[in-house]
Amino acid sequence: MGPRLGVLGWPVRHSRSPAIQNAALAAVGLAEWRYQLLPVPPILFSETVRALPGAGFRGANVTIPHKEAALALADDATASARAIGAANTLTFDRDGAIHADNTDAPGLIATLPFDAAGRSALVLGAGGSARAAVWALLEAGTREVRVWNRSPERARALCAELGGIPVLDAEPADLLVHCTSSGLDTSRPMFNSLPLGADDVTKYKCVVDLVYTKWDTPLVSAARANAIPTVDGLEMLIAQGALSFERFTGEPAPTELMRAAVRRG
Ligand code: NDP
């Protein structure tokens with residue numbers, strides 16, 4: 001059996017990571033490697049992750065709801081993962097030591113169609129991915145990062161810790177970065193739970209939506225209909241996944257091939 005990789009989540013069956021990571025492994029000649037779903041409930045997270053190196057795993061991506069627990073159990077972590085308070089990438093040494101990193105932050109910056117330095121941004125959300133976005137934008141030199149959240153006290157706490165300005169309305173900005181779970185449940189109208197409507201997308205020069213579903217989210221559709229440069233959740237998935245792949249394997253990620261694999265569905 002060759003080396004193993006996987007994505008830890010609960011639930012995780014919707015994840016497109018196996019499709020893009022297995023396509024990338026095959027493309028760089030790591031044919032014996034396999035990347036698999038790792039559905040693990042929170043109560044079993046720590047002991048399961050500690051067992052993975054001994055079972056032949058070299059690393060794992062981490063998704064909802066384990067990103068904070070992943071950082072907490074790691075033997076060491078990058079400065080960015082520590083500052084964000086969450087890890088989405090774990091790598092394992094042969095002796096079982098666990099290293100934590102966060103590729104959501106550099107992944108977001110890599111997807112932007114312009115340099116974030118000196119720009120303004122509005123981040124919607126105050127959960128794990130919003131923390132990564134705010135940290136990444138401030139590190140990239142974004143002049144003003146405003147943060148809106150359904151529960152305003154969480155936005156205030158995030159800004160007190162990481163920087164940024166908590167806001168109660170969707171103010172215009174160069175960049176809109178959507179980091180709430182709104183839109184994941186396609187049976188519910190997305191804009192009802194956000195502080196803006198479809199017509200408001202014209203107040204932004206670029207719209208990033210981290211949520212991905214089978215079809216374009218209403219936010220992505222509205223931005224595309226108004227010819228606003230748009231980064232959808234799949235682009236973000238590819239960007240963070242490419243960086244994780246490089247950490248797992250030491251090989252440059254075949255990004256175009258990963259994009260083709262994920263867009264094929
Ligand atoms: P968290 O659970 O940490 O945070 C959830 C956020 O969504 C909170 O701000 C919460 O607000 C808000 N929220 C939840 N439900 C609603 C609602 N009905 N209306 C308005 N706000 C709501 O999740 P993450 O930050 O980890 O992930 C957020 C989304 O981003 C998910 O859909 C996830 O799949 C996606 N994502 C995509 C990535 C990619 O690669 N494309 C990478 C990372 C995340 P409150 O504080 O008020 O509860």
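Novice: Would you take a moment to explain the site of the ligand for this structure?
Specialist: In the vicinity of the ligand lie 24 residues, with S129, N149, S151, R154 and G233 positioned nearest. Contact between the ligand and G128: an oxygen atom at 2.9 Å from a main-chain N or O atom of the residue. Between N149 and the ligand, the recorded distance is 2.7 Å, taken from a side-chain N or O atom to an oxygen atom. Within the complex, the protein chains bury 82% of what would otherwise be the 930 Å² of accessible surface of the ligand.

Novice: What exactly am I supposed to notice about the packing of helix α9 (residues 233-249) against helix α10 (residues 255-264) here?
Specialist: For any two helices packed against each other, one specifies the crossing angle of their axes together with the interaxial distance. The N-to-C vectors of α9 and α10 enclose an angle of 135°; their axes lie 10 Å apart at closest approach. On the basis of the axis angle, α9 is oblique to α10. As α9 runs across α10, the sense of the crossing is right-handed. Contact residues: α9 offers L234, E235, L237, I238, G241, A242 and F245, while α10 offers T255, M258, R259, V262 and R263.

Novice: So what exactly am I meant to see when it comes to the sheet that holds strand β9 (residues 165-166) here?
Specialist: To summarise the sheet geometry, strands pair through backbone hydrogen bonds and adopt either a parallel or an antiparallel arrangement. Reading across the sheet, the six strands line up as β9-β8-β7-β10-β11-β12 and stay open at both edges, with parallel pairing between neighbours. If you trace the sheet from one side to the other, it starts and ends with β9 and β12 (230-231), each paired once. In the sheet, strand β7 (residues 120-124) pairs with strand β8 (residues 144-148) via five bridges, with the strands oriented parallel. Residue pairing for β8: L122 is matched across the bridge by R146. Taken strand by strand, helix α6 (residues 128-139) contacts β7, β8 and β10 (173-178), and its axis lies near 170° from that of β7.

Novice: Got a minute to help me understand a negative patch on the surface in this structure?
Specialist: Together, D75, D76, D93 and D95 line one region of the surface with negative charge. Note on D95: relative accessible area 66%, which makes it exposed.

Novice: What is the right way to read the pairing of β10 from this model?
Specialist: Both faces of the sheet carry side chains from a regular strand, because those side chains alternate between them. When you tally the buried positions in β10, you get six out of six residues, the bulk of the element. Sheet analysis places β7 next to β10, joined by four bridges and oriented parallel. Within the sheet, the bridge partner assigned to A121 lies in β10 and is L175. Where β10 lies against strand β11 (residues 204-209), five bridges are found, and the strand directions are parallel. Paired with V177 across the two strands is V208, which belongs to β11.

Novice: Got a minute to help me understand the domain arrangement of the protein chain in this structure?
Specialist: Each assigned domain of the protein chain is listed here: domain 1 (4-102 + 235-264) and domain 2 (114-228). Centre-to-centre separation of domain 1 and domain 2, based on C-alpha positions: 25 Å. The interface is formed by ten residues belonging to domain 1 together with nine residues belonging to domain 2. Buried area between domain 1 and domain 2, summed over both chains or domains, comes out near 840 Å², and the portion from carbon and sulfur atoms is 65%. When residues of domain 1 are sorted by the area they lose upon contact with domain 2, R16, A83 and I84 head the list and together hold 49% of the total. Our count for the contact surface shared by domain 1 and domain 2 stands at zero salt bridges. Taken together, the links from domain 1 to domain 2 amount to one residue pair in polar contact (both at pLDDT 80 or more).

Scoring rules and cut-offs
- Residues numbered from 1 in each chain as written.
- Predicted model: local features only at pLDDT ≥ 70, side-chain atom pairs only at ≥ 80, totals over all residues.
- Heavy atoms only, no water.
- Near = heavy atom within 4 Å.
- Polar contact = N/O pair within 3.5 Å; in protein donor to acceptor, adjacent residues only side chain to side chain.
- Areas by Shrake-Rupley, 256 points an atom, 1.4 Å probe, with all protein chains shown as cover.
- Axes fitted to C-alpha atoms, helices over the stretch in contact; angles between N-to-C directions.
- Helix = DSSP H or I, 4+ residues; strand = E, 2+ residues; numbered from the N terminus.
- Parallel < 35°, antiparallel > 145°, perpendicular 65-115°, else oblique.
- Left-handed = near helix turned anticlockwise from the far one by under 90°.
- Contact = heavy atoms within 4.5 Å.
- Pairing = 2+ DSSP bridges.
- Patch = residues over 30% accessible without salt bridge, like charges linked within 9 Å, V, L, I, M, F, W, Y side chains within 5 Å.
- Salt bridge = Lys/Arg side-chain N within 4 Å of Asp/Glu carboxyl O.
- Lys, Arg positive; Asp, Glu negative; His and termini not counted.
- Charge placed at Lys NZ, Arg CZ, Asp CG, Glu CD.
- Buried < 20%, exposed > 50% of the residue type's maximum accessible area, 1.4 Å probe, protein only.
- Domains from an automatic or database assignment.
- Buried area = accessible area lost by both parts, 1.4 Å probe.

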